[in-house]
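The chain contents come next:
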Amino acid sequence: MSDTVEAGRGAKSGGQAGDRDDALKALVAQADLTDIRVTKWHAELLSDTPAEVGELDLKVASAFRLSDEGFDTRFSVDAPLVSRGGGERVASVQVVIVASFTLANQEKPDKELLSAFMDQVAFFVVMPFIREGLHSLSMRIGLEPITIGLLHQGKATPTTAWTSTRQFHGVSARDEPAGR
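Now for a description of the structure that goes with this document. What you see is a predicted model, and the numbers here were worked out from it, not measured in a lab. (Residues numbered from 1 in each chain as written. Predicted model: local features only at pLDDT ≥ 70, side-chain atom pairs only at ≥ 80, totals over all residues. Heavy atoms only, no water.)

Some words on the pairing of strand 4 (residues 70-83)
A regular strand places its side chains so that they alternate between the two faces of the sheet. Taking burial as the measure, the 14 residues of strand 4 include eleven buried ones, the bulk of the element. In this structure, strand 2 (residues 53-56) lies alongside strand 4, joined through three bridges in antiparallel fashion. Residue pairing in the sheet places Glu55 in a bridge with Val82 of strand 4. In terms of strand pairing, strand 3 (residues 59-66) meets strand 4 through eight bridges, oriented antiparallel. Of the residues in strand 4, the one forming a bridge with Val60 is Val77. Connecting strand 3 to the next strand, strand 4, in antiparallel fashion are three residues. Summarising the sheet, strand 4 and strand 5 (residues 89-103) pair through 13 bridges and their orientation is antiparallel. Bridge pairing in strand 5 links Pro80 to Ser92. (Buried < 20%, exposed > 50% of the residue type's maximum accessible area, 1.4 Å probe, protein only. Helix = DSSP H or I, 4+ residues; strand = E, 2+ residues; numbered from the N terminus. Pairing = 2+ DSSP bridges.)

Concerning the pairing of strand 5
The buried fraction of strand 5 is high, at 13 of 15 residues. Bridge analysis of strand 1 (residues 31-45) against strand 5 gives 13 bridges, and the strand direction is antiparallel. The partner of Glu44 across the bridge, within strand 5, is Ser92.

Thoughts on the pattern of salt bridges
Taken as a whole and judged by the stated rule, the model has four salt bridges. Asp72 serves as the salt-bridge partner of Arg65, at 2.3 Å between the closest nitrogen and oxygen. With a relative accessible area of 11%, Asp72 lands in the buried category. In this structure, a network of salt bridges that share partners links the residues Asp35, Arg37, Arg65 and Asp72. (Salt bridge = Lys/Arg side-chain N within 4 Å of Asp/Glu carboxyl O.)

Here is the structure:
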């Protein structure tokens, strides 16, 4: 069994945070990104007339799937857009991004270590695709293009979003991953 899997199990059974960090570093060192693909790209304006967006309720759910070569991570984004004042839903944007990783030694990490990888590495890999999806799709349905703010390590999702005329808040925390 590899050091990576052993260290990951140590973290799961209450080992020190340093062991978990070392295990994550080892996983990053043996992993390589091989593909990113969009599997869902959908936007819907909920009325015939575009309205000004006042809130973005960004929800991101994540899951992973092990394969013979490594693993896939999937991030499903649901972004209901609410009118100024929060009165009604204006639109809905949904994007699903899958990122595939290979593993050099082909030994499978445990679920907790993969969860840490998804939160600290894979989410940062797919974030530009999520950002572009929200920006492009909001514009295509007649709304001002939405730009979500920066993603900071230790935060589940960005906390701000912008249109060309204003900043708005209301970006909610990321959902718990479905695959863990």
